[in-house]
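# Fold and geometry: a report
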Amino acid sequence: QVQLVESGGGLVQAGGSLRLSCAASGRTFSTYTMGWFRQAPGKERDVVGISWSGGRIYYIESVKGRFTISRDNAKNTVYLQMNSLKPEDTAVYYCAAAPSSTGKYDYWGQGTQVTVSS
């Protein structure tokens, strides 16, 4: 069983920055695909970016150049650095882990609220 604990959300003005952290339990973190997702009010949960264990990273178009995913395998932690935030980035942000054995996001964090004021 893997537990994911997120932190770092909050209220920020447009143009500001936040860094979200997602700490994972377990000893095989380096083999996980880690995803960041968000869910805005009244909308479905969508992917924001993905970090594969081999180093490849994917971002959705709307956050490219503004958001950066990084991971520290020694600390079992993945980060989402969010710069130049916009009101439309307001959402609950979730991290998720996909073990290599399943390839599915079997584990989810509790979510952290990010609110960007205009």
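From a predicted model like this one, the values you see are computed outputs, not experimental measurements.

The next thing to look at is the overall build of the chain. Assigned secondary structure in the chain consists of 0 helices and 11 strands. Listing the helices and strands of the chain from first to last along the sequence gives β-β-β-β-β-β-β-β-β-β-β. Against the globule reference of 13 Å for 118 residues, the chain gives a C-alpha radius of gyration of 13 Å, in line with a compact fold. In the chain, which comprises 118 residues, the share counted as buried stands at 42%. Long-range contacts, defined as pairs at least 24 residues apart, comprise 52% of the intrachain contacts of the chain with a sequence gap of at least 6. Counting 12 positive and 8 negative side-chain charges, the chain places the averaged centre of each group 5 Å from the other.

With that settled, consider the sheet that holds strand β8 (residues 77-82). Taking strand neighbours across the sheet as the criterion, the 4 strands line up as β1-β3-β8-β7 in an open arrangement whose pairing is antiparallel. Of all strands in the sheet, those bounded by a partner on one side alone are β1 (4-7) and β7 (67-72). Between one strand axis and the next, the sheet turns by 15 degrees as a mean value, whatever way the strands run.

The next thing to look at is unusual backbone geometry. The phi torsion at Asn-76 lies on the positive side, around 55 degrees, for a residue other than glycine. By secondary structure assignment, the location of Asn-76 is in the loop between β7 and β8. The exposure class of Asn-76 is buried, given its relative accessible area of 16%. For Ser-84, which is not glycine, the phi dihedral falls at a positive 50 degrees. Within the secondary structure layout, Ser-84 lies in the loop between β8 and β9 (91-98).

Applying the stated criterion across every chain yields a total of 5 aromatic pairs. Centroid distance Phe-37 to Tyr-105: 5.1 Å. Interplanar angle 85 degrees. Geometry classified as edge-to-face. You can see Phe-37 sitting in strand β4 (residues 33-39) and its partner Tyr-105 sitting in the loop between β9 and β10 (107-108), a full 68 residues away along the chain. Between Tyr-105 and Trp-108, the aromatic rings sit 6.2 Å apart at their centres with planes inclined by 55 degrees, giving tilted as the arrangement. Taking the relative accessible area as the measure of exposure, Tyr-105 reaches 26% and is therefore partly exposed.

Conventions adopted
Residues numbered from 1 in each chain as written. Predicted model: local features only at pLDDT ≥ 70, side-chain atom pairs only at ≥ 80, totals over all residues. Heavy atoms only, no water. Helix = DSSP H or I, 4+ residues; strand = E, 2+ residues; numbered from the N terminus. Rg over C-alpha atoms; globule rule 2.2 N^0.38 Å. Buried < 20%, exposed > 50% of the residue type's maximum accessible area, 1.4 Å probe, protein only. Contact = heavy atoms within 4.5 Å. Lys, Arg positive; Asp, Glu negative; His and termini not counted. Charge placed at Lys NZ, Arg CZ, Asp CG, Glu CD. Pairing = 2+ DSSP bridges. Axes fitted to C-alpha atoms, helices over the stretch in contact; angles between N-to-C directions. Phe/Tyr/Trp six-rings, centres within 6.5 Å; stacked < 30°, edge-to-face > 60°.

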